[in-house]
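Chain and residue survey
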Amino acid sequence: EVQLVESGGGMVQPGGSLRLSCAASVFTFSDHDMSWVRQAPGKGPEWVSSINKGGGSTYYGDSVKGRFTISRDNAKNTVSLQMNSLKPEDTALYYCARPRPGTIVAGPDTEYDYWGQGTQVTVSS
């Protein structure tokens, strides 16, 4: 069974930074694009960022562009999300997700076949 395990969430003040990590196992990590998706209380899932299988192409939602950076280490089977200049509206449960093979890599229409359990990010003063 594919496993995606997120870590690194927590509470931070506005303007602060957090780094999320996702450890993947039980599949050939380097064969798959990866994404981060978040869900705020009372709202639907929001695509945040994606990275292609080789790590050479990255994609960001408009709300995080310029503040968040996605990266991956295929030797360690990890994907990370560096989040800077955090805002209260970034508060959400952040999920690492694997796009379904053949779906588009990035954007709200991406389909996912596996999700992690999520890690909570709270931005508050």
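You'll find the structure just up there.
These notes cover the structure that comes with them.

Analysis parameters
- Residues numbered from 1 in each chain as written.
- Predicted model: local features only at pLDDT ≥ 70, side-chain atom pairs only at ≥ 80, totals over all residues.
- Heavy atoms only, no water.
- Helix = DSSP H or I, 4+ residues; strand = E, 2+ residues; numbered from the N terminus.
- Rg over C-alpha atoms; globule rule 2.2 N^0.38 Å.
- Buried < 20%, exposed > 50% of the residue type's maximum accessible area, 1.4 Å probe, protein only.
- Disulfide = S-S within 2.5 Å.
- Pairing = 2+ DSSP bridges.
- Axes fitted to C-alpha atoms, helices over the stretch in contact; angles between N-to-C directions.
- Phe/Tyr/Trp six-rings, centres within 6.5 Å; stacked < 30°, edge-to-face > 60°.
- Lys NZ or Arg CZ within 6 Å of the ring centre and 35° of its normal.
- Core = buried A, V, L, I, M, F, W, Y, C linked by side-chain atoms within 4.5 Å.

With that settled, the discussion passes to the overall build of the chain. Scanning the chain for helices and strands turns up zero helices and 11 strands. The order of helices and strands in the chain, counted from the N terminus, is β-β-β-β-β-β-β-β-β-β-β. For 125 residues, the compact-globule formula gives about 14 Å, and the C-alpha radius of gyration of the chain, at 13 Å, lands near that figure. In terms of overall dimensions, the chain has a C-alpha envelope of 40 × 25 × 25 Å along the principal axes. Every one of the 125 residues in the chain was classed for burial, and the buried ones make up 43%.

In this section: the state of the cysteines. The tally for this structure, following the rule as stated, stands at one disulfide. Covalent S-S linkage joins cysteine 22 and cysteine 96, the inter-sulfur distance amounting to 2.2 Å. Negative torsions about the S-S bond denote left-handed disulfides, and the value of about -70° found for cysteine 22 with cysteine 96 makes this one left-handed. Here cysteine 22, found in strand S3 (residues 18-25), pairs with cysteine 96, found in strand S9 (residues 92-99); they are 74 residues apart in sequence, far enough to count as distant. Using a relative accessible area of 0% as the deciding quantity, one classes cysteine 22 as buried.

Moving on, we get to the sheet that holds strand S1 (residues 3-7). One open sheet holds the four strands; their spatial order is S1-S3-S8-S7, and the pairing between them is antiparallel. Looking along the sheet, the strands with just one partner apiece sit at the ends: S1 and strand S7 (68-73). Strand-to-strand twist of the sheet, defined as the mean angle between neighbouring strand axes without regard to direction, takes the value 15°.

Time to look at the packing of aromatic side chains. In this description, a pair of aromatic rings is defined by centroid distance and the angle of the planes. The full count for this structure, using the stated rule, is three aromatic pairs. An angle of 55° between the planes, with centres 6.1 Å apart, marks the rings of phenylalanine 27 and phenylalanine 29 as tilted. Grouping residues by exposure puts phenylalanine 27 and phenylalanine 29 together as buried. Ring centres 5.1 Å apart and planes at 65° place the aromatic pair tyrosine 112 and tryptophan 115 in the edge-to-face group. Its relative accessible area of 13% is what places tyrosine 112 among the buried residues. Since its relative accessible area comes to 40%, tryptophan 115 is described here as partly exposed. Each residue in the set Tyr95, Tyr112 and Trp115 is aromatic and connected to the rest through ring pairs, giving one cluster. Stacked on the ring of phenylalanine 29, the Lys or Arg arginine 72 has its end atom at 4.3 Å from the ring centre.

Side chains that are nonpolar tend, in soluble globular proteins, to be buried together. Of all hydrophobic cores here, the largest spans 27 residues; its most connected members are Trp36, Val79, Leu81, Met83 and Tyr94. Every element with two or more residues in this core is listed here: S3, strand S4 (34-39), strand S5 (45-51), S7, strand S8 (78-83), S9 and strand S11 (119-123). Among the elements that line this core, the one with the most residues is S3, at four residues.

This part is about unusual backbone geometry. At valine 26, a position not held by glycine, the phi torsion is positive, near 70°. Structurally, valine 26 is set in the loop between S3 and S4. Its identity as a non-glycine residue notwithstanding, serine 85 has a phi of 50°, on the positive side. Mapped onto the secondary structure, serine 85 falls in the loop between S8 and S9. What makes serine 85 partly exposed here is its relative accessible area of 42%.

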